[in-house]
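One letter stands for each residue in the lines below.
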Amino acid sequence: MPVIEASYYEKLDNGKVKCTLCPRNCVLNENQKGFCLVRFNKNGKLFTSIYEEITSIAIDPIEKKPLYHFKPGSYILSIGTNGCNLDCKSCQNWQIARQITPREYLPKEAIREVINRYDSIGLCYTYNEPSIWLEYIKDTAPIVKEEGKDVVLVSNGIINSNALKEILPFIDAANIDLKGMDKEYYLKFSAMPNPNVWDNLILLKENGVHVEITKLIVPGFDEFNEKYFERFAKWIAENLGKDTPFHLSRFFPAYKLLNTPPTPLEVMYMAYEVSKEYLEYVYLGNVPDERFNSTYCPNCGALLIKRIGYQVEVLISDNICPNCGYKLNFVF
Ligand code: SF4
């Protein structure tokens with residue numbers, strides 16, 4: 001399986017290289033791997049070990065990403081590989097993101113056939129962090145677009161902006177995990193000293209990508225007060241628009257936080273109420289109340305999309321509320 005020379009790096013003295021794909025900007029000695037585990041220095045050149053290699057492939061409901069306002073009720077072929085440029089304390093997918101596992105070969109030419117084999121709206125890069133898979137995305141996303149299908153990213157949004165700009169023209173929708181609102185949070189929770197997710201969210205939005213945001217609420221890392229959650233919602237409303245869908249997700253023990261209890265339900269409801277003051281579409285994930293997964297008109301409260309688990313009943317066909325005529329934010 002091909003190991004190819006990576007994009008985005010600089011050669012330094014003494015055979016070292018500096019990877020410039022993400023703001024971690026790892027400087028690597030001969031035979032050293034980057035923090036993401038999948039880019040390495042060999043003979044003074046940077047290579048990627050995951051090109052055309054996948055750990056996971058499935059047809060998922062688009063709601064699972066989660067994307068609630070992009071082609072609701074549809075299914076999308078989803079692929080992932082190894083590696084991540086973060087090390088989040090409660091990573092759900094650490095088995096593939098923070099270690100190297102056996103992988104299957106999925107050559108770029110096969111993508112055309114695979115996305116047409118199933119009833120899929122397109123291709124989603126997900127499960128691990130797709131930005132570190134840039135070489136494969138930039139070679140396969142154009143094929144998906146040639147087939148008239150959609151390209152979706154599920155990402156932490158931390159990538160140097162010149163690299164993001166290279167794939168932006170091919171991206172239709174993205175769910176971005178917004179972990180915190182400052183550098184300190186990213187350092188503490190994700191071991192990332194210089195996050196640039198906020199700039200990249202604006203870049204995605206400015207370039208016409210449909211953006212939804214997920215925020216996992218983690219005991220011991222997030223503050224449980226209204227002012228704290230107000231900061232997220234206000235920033236999203238002011239920078240991306242009040243119609244940006246916002247998914248608040250309840251933490252359950254995982255990875256390095258196995259002894260941390262789940263987020264109290266009352267904190268989830270409080271965060272929901274605060275966010276609703278600024279944003280039109282707020283959802284609660286991992287909460288045992290289906291009402292918080294359905295979509296209601298922000299103006300009149302009419303039920304627009306009913307979701308029970310991944311069962312989706314779409315009660316609208318365009319971006320206008322059938323009850324009051326309010327302009328909605330969906331891509332059909
Ligand atoms: S993509 Fe990987 S190797 Fe490159 S700077 Fe980021 S963590 Fe380091």
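As the structure is a prediction and not an experimental result, all values here were calculated from the model.

Student: Help me understand the site of the ligand in this model?
Tutor: Near the ligand, the surroundings consist of C19, L21, C22, R24, N25, C26, G34, F35, C36, R39, N85 and I132. Residue composition of the shell around the ligand, by class: seven nonpolar, three polar and two charged.

Student: Explain the pairing of strand 18 (residues 303-308) to me, please; I cannot follow it from the model alone.
Tutor: Along a regular strand, successive side chains alternate from one face of the sheet to the other. Pairing of strand 17 (residues 295-296) with strand 18 involves two bridges; the strand directions are antiparallel. Across the sheet, the residue bridging to T295 is I305, located in strand 18. What sits between strand 17 and strand 18 in their antiparallel hairpin is a turn of six residues, with G301 showing a positive phi close to 85°. Note: strand 18 against strand 19 (residues 311-314), four bridges, orientation antiparallel.

Student: Quick question: what am I supposed to make of the environment of G148 here?
Tutor: Mapping G148 onto the fold places it in the loop between helix 3 (134-146) and strand 12 (150-155). When its relative accessible area of 65% is taken as the criterion, G148 is described as exposed.

Student: Looking at this structure, I do not really get the domain arrangement of the protein. What am I missing?
Tutor: Many structure descriptions define interface size as the accessible area lost when the parts assemble. Here the domain parsing of the protein yields domain 1 (4-48), domain 2 (65-293) and domain 3 (295-332). The C-alpha-based centres of domain 2 and domain 3 are spaced at 22 Å. Taking both partners together, domain 2 and domain 3 bury about 1400 Å²; carbon and sulfur atoms supply 51% of that area. Counting across the interface, domain 2 meets domain 3 through zero salt bridges. For the side of domain 2 that touches domain 3, the per-class residue count stands at six nonpolar, five polar and six charged.

Student: What exactly am I supposed to notice about the pattern of salt bridges here?
Tutor: Any two side chains of opposite charge can pair, given that their charged atoms come close. For the coordinates displayed, the defined rule picks out 18 salt bridges. Where E135 meets R39, a salt bridge forms, and the shortest distance between an N and an O atom there is 3.0 Å. With E135 in helix 3 and R39 in strand 5 (residues 39-42), the pair connects residues that are 96 residues apart, well separated along the chain. Grouping residues by exposure puts E135 and R39 together as buried. Across the pair E230 and K227 runs a salt bridge, and its minimum N-O distance is 3.7 Å. Of this pair, E230 and K227 are both found in helix 7 (residues 226-240), three residues apart, which corresponds to roughly one turn of the helix. Three or more residues are tied together by salt bridges with common partners; here these are D60, K64 and K65.

Student: Help me understand the sheet that holds strand 1 (residues 4-5), please; the structure alone is not making it clear to me.
Tutor: Backbone hydrogen bonds hold the strands of a sheet together, and the pairing may be parallel or antiparallel. Pairing in this open sheet of three strands is antiparallel, and the strands run 1-6-5 from one edge to the other. The open sheet has two free edges, formed respectively by strand 1 and strand 5, since each of these has just one partner strand. As judged from the four bridges shared by strand 5 and strand 6 (residues 45-48), these two strands associate in the antiparallel manner. When the bridges of strand 6 are listed, N41 appears paired with L46.

Student: I keep staring at the packing of aromatic side chains and nothing clicks. Help me out?
Tutor: Each aromatic ring pair is summarised here by two numbers: the centre-to-centre distance and the angle between the ring planes. Considering all chains together, one arrives at 16 aromatic pairs under this definition. With centroids separated by 5.6 Å and ring planes inclined at 85°, the aromatic side chains of Y186 and W198 adopt a geometry described as edge-to-face. Here Y186, found in helix 5 (residues 183-190), pairs with W198, found in helix 6 (residues 197-206); they are twelve residues apart in sequence, far enough to count as distant. The same class applies to Y186 as to W198, namely buried. Consider the rings of Y269 and F292, whose centres lie 5.2 Å apart with planes at 35°: the pair is tilted. Highlighted residues: Y269 in helix 8 (residues 265-276) and F292 in the loop between strand 16 (282-285) and strand 17, separated in sequence by 23 residues. Relative accessible area serves as the criterion here: at 13%, F292 is assigned to the buried category. Three or more aromatic residues joined by ring pairs make a cluster, and in this case those are Y51, Y125, W133 and Y136. Seen from the ring of F35, R24 lies directly overhead, with NZ or CZ sitting 3.5 Å from the centre.

Cut-offs applied
- Residues numbered from 1 in each chain as written.
- Predicted model: local features only at pLDDT ≥ 70, side-chain atom pairs only at ≥ 80, totals over all residues.
- Heavy atoms only, no water.
- Near = heavy atom within 4 Å.
- Nonpolar A, V, L, I, M, F, W, Y, C, P; charged D, E, K, R; others polar.
- Pairing = 2+ DSSP bridges.
- Helix = DSSP H or I, 4+ residues; strand = E, 2+ residues; numbered from the N terminus.
- Buried < 20%, exposed > 50% of the residue type's maximum accessible area, 1.4 Å probe, protein only.
- Domains from an automatic or database assignment.
- Buried area = accessible area lost by both parts, 1.4 Å probe.
- Salt bridge = Lys/Arg side-chain N within 4 Å of Asp/Glu carboxyl O.
- Phe/Tyr/Trp six-rings, centres within 6.5 Å; stacked < 30°, edge-to-face > 60°.
- Lys NZ or Arg CZ within 6 Å of the ring centre and 35° of its normal.

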